[in-house]
Amino acid sequence: IGTAYMDPPADDTLVWMDTAMTAWHKENPQVLPLAYFGNCGGFFQRYLEGKPLDEANKAYLTEGNKAVARRITELAKKYNATILQIVLGFFTQLDFNCIPLFGARNGENLREAMEIFHIPFEEEDYIFLPQTH
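In this numbering scheme, every chain counts its residues from 1 along its sequence in written order. Under the rules for a predicted model, residues below a pLDDT of 70 receive no local features and side-chain atom pairs below 80 are neither given nor counted, while totals for whole chains, interfaces and linings still include all residues. Note that the side-chain values use all heavy atoms of the structure and ignore hydrogens as well as water.

## Focus on a nonpolar patch on the surface
Item 1. What goes into a patch is any residue over 30% in relative accessible area without a salt bridge, connected to like charges within 9 Å or, for nonpolar side chains (Val, Leu, Ile, Met, Phe, Trp, Tyr), within 5 Å. All accessible-area figures derive from a Shrake-Rupley calculation using a 1.4 Å probe, and residue coverage is judged against the displayed protein chains alone. Whenever Lys or Arg places a side-chain nitrogen within 4 Å of a carboxyl oxygen from Asp or Glu, that contact is recorded as a salt bridge. A cluster of nonpolar side chains, Leu 32, Leu 34, Ile 99 and Leu 101, forms an exposed patch at the surface whose accessible area comes to about 330 Å².
Item 2. Per the convention used, a helix needs a DSSP run of H or I reaching at least four residues, while a strand needs a run of E reaching at least two, with both numbered from the N terminus. By secondary structure assignment, the location of Ile 99 is in strand S2 (residues 99-100).

## Things to note about the packing of aromatic side chains
Ring pairs (aromatic) are described by centroid distance and by the angle formed between their planes.
Item 1. Side-chain rings of Phe, Tyr and Trp (the six-membered ring for Trp) are treated as a pair once their centres are within 6.5 Å; stacked means planes under 30 degrees apart, edge-to-face means over 60, and tilted covers the remaining angles. Applying the stated criterion across every chain, the model contains seven aromatic pairs.
Item 2. Measuring from ring centre to ring centre gives 5.5 Å for Phe 43 and Tyr 47, while their planes differ by 15°; the resulting arrangement is stacked. In this pair, Phe 43 and Tyr 47 are both assigned in helix H2 (residues 43-48), four residues apart and thus about one turn of the helix distant.
Item 3. Every member of this aromatic cluster is reached through a ring pair, and the members are Tyr 79, Phe 90, Phe 91, Phe 121 and Tyr 126.

## Topic: helix H4 (residues 63-79)
Item 1. A helix is expected to span 1.5 Å for every residue after the first. With 17 residues, H4 extends 25 Å between its outermost C-alpha atoms, agreeing within 8% with the 24 Å of an ideal straight helix rising 1.5 Å per residue.
Item 2. Along H4, the residues classified as buried are Asn 65, Val 68, Ala 69, Ile 72, Leu 75, Ala 76 and Tyr 79. All buried residues of H4 lie within an arc of 125° about the axis, which places them on one face of the element. Exposed side of H4, more than 90 degrees from the buried face: Glu 63 and Lys 77 are the residues found there.
Item 3. Should any heavy atoms of two residues lie within 4.5 Å, those residues are counted as being in contact. In this fold, the buried residues of H4 make contact with H2 and helix H5 (83-89).
Item 4. The positive-phi residue at the C-terminal boundary of H4 is Asn 80, with phi of around 50°. Relative accessibility thresholds used throughout: buried, under 20% of the residue-type maximum; exposed, over 50%; partly exposed, between the two (1.4 Å probe, protein chains only). Our arc is simply the arc of the directions from the helix axis toward the C-beta atoms.

## Describing the environment of Lys 78
Item 1. By secondary structure assignment, the location of Lys 78 is in helix H4.
Item 2. By relative accessible area, which is 48% here, Lys 78 ends up partly exposed.
Item 3. Considering only alpha carbons, one finds Lys 78 and Asp 125, 47 residues apart in sequence, at a separation of 9.8 Å.
Item 4. When neighbours within four sequence positions are excluded, Lys 78 is seen to be in contact with Glu 122 and Asp 125.
Item 5. A polar contact is formed between the side chain of Lys 78 and the side chain of Tyr 79, at a distance of 3.4 Å. Each polar contact in these results corresponds to two N or O atoms within 3.5 Å; when the atoms are within protein, one needs to be able to donate a hydrogen and the other to accept it, and residues that are neighboring in sequence are counted only if both atoms are side-chain atoms.

Next up, the structure:
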């Protein structure tokens, strides 16, 4: 969700979900992409709660992601949902199957994440986000 606007990481072994890769996954739905940066290492949670950002999170601190954070806040109000649910909800609206890698901190965090399947997200909710990088 936030990688489209992040400062590029120094690790040149990372592969971006660009237009060609997105098209390939649409044509080959049996191969699921695993979004490693799917929840941006908690950037939006930290940023919106005013918590200090660690070095990894600072790469996401761009004007584009500040705009994404404002939209996350709007959607959280619209759906009475948490920041995590709004971030993970993005992946339910892609036009190809994708599995964001997510590590729950505890059982409650896992339950919170699984609630996204009960929230009636709409494609228009995330239209402002590029789906490729």
